[in-house]
Amino acid sequence: MILNLDPKFKPFTNEDEMVFQSFTFSGGEPHIKIDPDFDPSQKVTITHRLNSFNDLGLLCIAVDALRRMDVKRIELFIPYFPAARQDRVMIKGEPLSVKVYADIINGMQLDKVFVFDAHSEVTPALVNNCEVIPNHTFIKAVIKSIGNDVKLISPDGGALKKIYKVSEFLGGVEVVECSKSRDVKTGRLSGFKVYNDDLQGADCLIVDDICDGGGTFVGLAQELKNKNAGKLYLAVSHGIFNKGFAVLDCFEKIFTTNSFKDFEGESVEVIGLGDGLLS
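Bear in mind that the values here come from a model prediction, so they are computed numbers and not experimental data.

Peer 1: How should I be thinking about the pairing of strand E11 (residues 204-211) in this particular structure?
Peer 2: The side chains of a regular strand alternate, residue by residue, between the two faces of the sheet. The element E11 is extensively covered by neighbouring structure, given that 8 of its 8 residues are classed as buried. Pairing of strand E8 (residues 151-154) with E11, which is carried by 3 bridges, proceeds in the parallel orientation. Paired with Ile153 across the bridge in E11 is Ile206. Relative to strand E12 (residues 232-239), E11 runs parallel, the two being bridged by 7 bridges. Counterpart to Cys204 in the pairing with E12 is Leu232.

Here is the structure:
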């Protein structure tokens, strides 16, 4: 059985969907009523996109409701793990936000927690019974959509380990390593480097897990052009795009999934998280 807490997000289509009603009280508290007409001995998989603490609250009370209905096995699929980027305390006074979310989810004692393309190894280390679904099939679909050979671009050192696994999955697509510098106090980016002297007009696909404002990719795009790159493409598993797409007009095309939100009429190609992409 599948319980899709976000009715617009239905990543699994091969199982029966549970019926429920949810709303928010005037005081701001989420509430849920799940139709009890099902066999509680069945496994229930909850899916949700956690973009706010209210989303997390709805998840918590949904799990409690299922427990009170005597459901024995509960699994969770949250494609974008909230606060995964806050996986280190950079300066005094900051929280380790990813651990706050992990502790809350661990308190639900779920049998399995699936996350799509986790930001780093910190998330699965903190979350009990966590299984990370890699971005390999997503990037394969992106390259198929592009329709021609590309070089895979690793935007920084943090992405290296994952991008070489993607390359291996794709049969050995060439990887170009890059780097940048970030001021931990201000967040300002600088010092973009491409460790290839001449790209000789090759088309390039930057691969990363998250695009928020896009500063990393705009700065890197300029350096790639300085190294004679051809057409530039961007593929991010979790598209936030808080500054819109105009700032990313240096790219021929942008690809993402619906892990964070839906996109309608936007300048981006969305490859939905369905059964095929999650296999």
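Peer 1: So what exactly am I meant to see when it comes to the packing of aromatic side chains here?
Peer 2: The geometry of an aromatic ring pair is captured by two quantities: the separation of the ring centres and the angle between the planes. Using the criterion set out here, one finds 8 aromatic pairs in the structure. Between Phe53 and Tyr101, the aromatic rings sit 5.1 Å apart at their centres with planes inclined by 25°, giving stacked as the arrangement. Note that Phe53 is positioned in helix H1 (residues 53-68) and Tyr101 in helix H2 (residues 97-106), a separation of 48 residues in sequence. Phe53 sits in the exposed class, given a relative accessible area of 51%. Between the aromatic rings of Tyr80 and Phe260, the centroid separation amounts to 5.1 Å while the plane-to-plane angle is 85°, which identifies the pairing as edge-to-face. Taken as a pair, Tyr80 in the loop between strand E5 (74-77) and H2 and Phe260 in the loop between strand E13 (253-256) and strand E14 (269-270) lie far apart in primary sequence, 180 residues in all. Tyr80 sits in the buried class, given a relative accessible area of 8%.

Peer 1: Is there a simple way to think about the packing of H1 against H2 in this case?
Peer 2: For any two helices packed against each other, the geometry comes down to the angle between their axes and how far apart the axes lie. Two numbers describe how H1 lies on H2: the axes approach to 11 Å, and their chain directions differ by 15°. Regarding the angle of H1 to H2, the classification is roughly parallel. Crossing hand, H1 versus H2: right-handed. Across the interface between the two elements, Phe53, Leu56 and Cys60 of H1 pack against Tyr101, Ile104 and Ile105 of H2.

Peer 1: Mind showing me how you'd approach the pairing of strand E3 (residues 30-34) here?
Peer 2: Residue alternation in E3 divides its side chains into a buried set, Pro30, Ile32 and Ile34, and an unburied set, His31 and Lys33. As paired elements, strand E2 (residues 20-24) and E3 share 5 bridges and run antiparallel to each other. The residue bridging Phe20 from the neighbouring strand is Ile34, located in E3. Hairpin connection from E2 to E3: 5 residues lie between these consecutive antiparallel strands, with Gly28 at a positive phi of about 105°.

Peer 1: Please explain the UniProt feature "domain: Ribose-phosphate pyrophosphokinase N-terminal" (unreviewed entry) in the chain as it appears in this structure.
Peer 2: Within this numbering scheme, the UniProt entry marks residues 24-106 as carrying the feature "domain: Ribose-phosphate pyrophosphokinase N-terminal" (unreviewed entry). Each end of residues 24-106 is marked by a C-alpha atom, and these two atoms are 24 Å apart; helix forms 31% of the span and strand 17%.

Peer 1: I would appreciate a short explanation of the pattern of salt bridges in the present structure.
Peer 2: Once the charged atoms of two side chains with opposite charge are near each other, the side chains can pair. Here the structure, examined in full by the defined rule, presents 16 salt bridges. A salt bridge links Arg49 to Asp6; its shortest N-O distance comes to 2.9 Å. Of this pair, Arg49 sits in the loop between strand E4 (44-47) and H1 while Asp6 sits in the loop between strand E1 (2-4) and E2, placing them 43 residues apart in sequence. Each member of the pair, Arg49 as well as Asp6, is classed as buried. With a closest N to O distance of 2.5 Å, Glu174 and Lys151 form a salt bridge. Of this pair, Glu174 sits in the loop between helix H5 (160-169) and strand E9 (175-182) while Lys151 sits in strand E8, placing them 23 residues apart in sequence. We classify Glu174 as partly exposed; its relative accessible area is 39%. Take Lys151: its relative accessible area is 16%, and that puts it in the buried class. One network of salt bridges, with partners in common, ties together Lys43, Arg73, Glu75 and Asp111.

The rules behind each value
Residues numbered from 1 in each chain as written. Predicted model: local features only at pLDDT ≥ 70, side-chain atom pairs only at ≥ 80, totals over all residues. Heavy atoms only, no water. Buried < 20%, exposed > 50% of the residue type's maximum accessible area, 1.4 Å probe, protein only. Helix = DSSP H or I, 4+ residues; strand = E, 2+ residues; numbered from the N terminus. Pairing = 2+ DSSP bridges. Phe/Tyr/Trp six-rings, centres within 6.5 Å; stacked < 30°, edge-to-face > 60°. Axes fitted to C-alpha atoms, helices over the stretch in contact; angles between N-to-C directions. Parallel < 35°, antiparallel > 145°, perpendicular 65-115°, else oblique. Left-handed = near helix turned anticlockwise from the far one by under 90°. Contact = heavy atoms within 4.5 Å. UniProt positions renumbered as here; feature names shortened; annotations may be inferred. Salt bridge = Lys/Arg side-chain N within 4 Å of Asp/Glu carboxyl O.

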